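# What the coordinates show
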Amino acid sequence: MAGGTSGFTMIQSTKDNRNLRSGRNKMSDSPYVRPHVKTQNNDPELYTELIAERFERKSQSSQYSVLIFVILGILISTFFYFLMVG
């Protein structure tokens, strides 16, 4: 009977996992969940400032990407110019 041992191992692993999990009642008992800490970003009074800062960062990153493309375009065109002339 092919695969009998692997099937038994899967069933046993599932049972073991279920037994491990059943000891906890809720998610807060999990040792991997950090306790909730109120940060500055959770304050509703700062939402407009956070949104404005986000749009500033987005516009600044788009300016950087345009600058990089322009510089790369100049470098590539210079390379092909010297390739054609030389």
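Residues numbered from 1 in each chain as written. Predicted model: local features only at pLDDT ≥ 70, side-chain atom pairs only at ≥ 80, totals over all residues. Heavy atoms only, no water.

A count of helical and extended segments in the protein gives two helices and zero strands. Per-residue burial for the protein yields a buried fraction of 2% across its 86 residues. If you sum the accessible surface of the protein, you get close to 8,600 Å²; carbon and sulfur atoms cover 63% of it. (Helix = DSSP H or I, 4+ residues; strand = E, 2+ residues; numbered from the N terminus. Buried < 20%, exposed > 50% of the residue type's maximum accessible area, 1.4 Å probe, protein only. Areas by Shrake-Rupley, 256 points an atom, 1.4 Å probe, with all protein chains shown as cover.)

The next point concerns the packing of aromatic side chains. For the structure on display, the rule yields two aromatic pairs. Consider the rings of F79 and F80, whose centres lie 5.5 Å apart with planes at 65 degrees: the pair is edge-to-face. A centroid spacing of 5.5 Å and a plane angle of 65 degrees characterise the contact between Y81 and F82, whose relative ring orientation is edge-to-face. Here Y81 matches F82 in class, with each residue exposed. The aromatic ring of F55 is capped on one face by R54, whose charged end is 5.5 Å from the ring centroid. (Phe/Tyr/Trp six-rings, centres within 6.5 Å; stacked < 30°, edge-to-face > 60°. Lys NZ or Arg CZ within 6 Å of the ring centre and 35° of its normal.)

These figures come from the coordinates and say nothing about function on their own.
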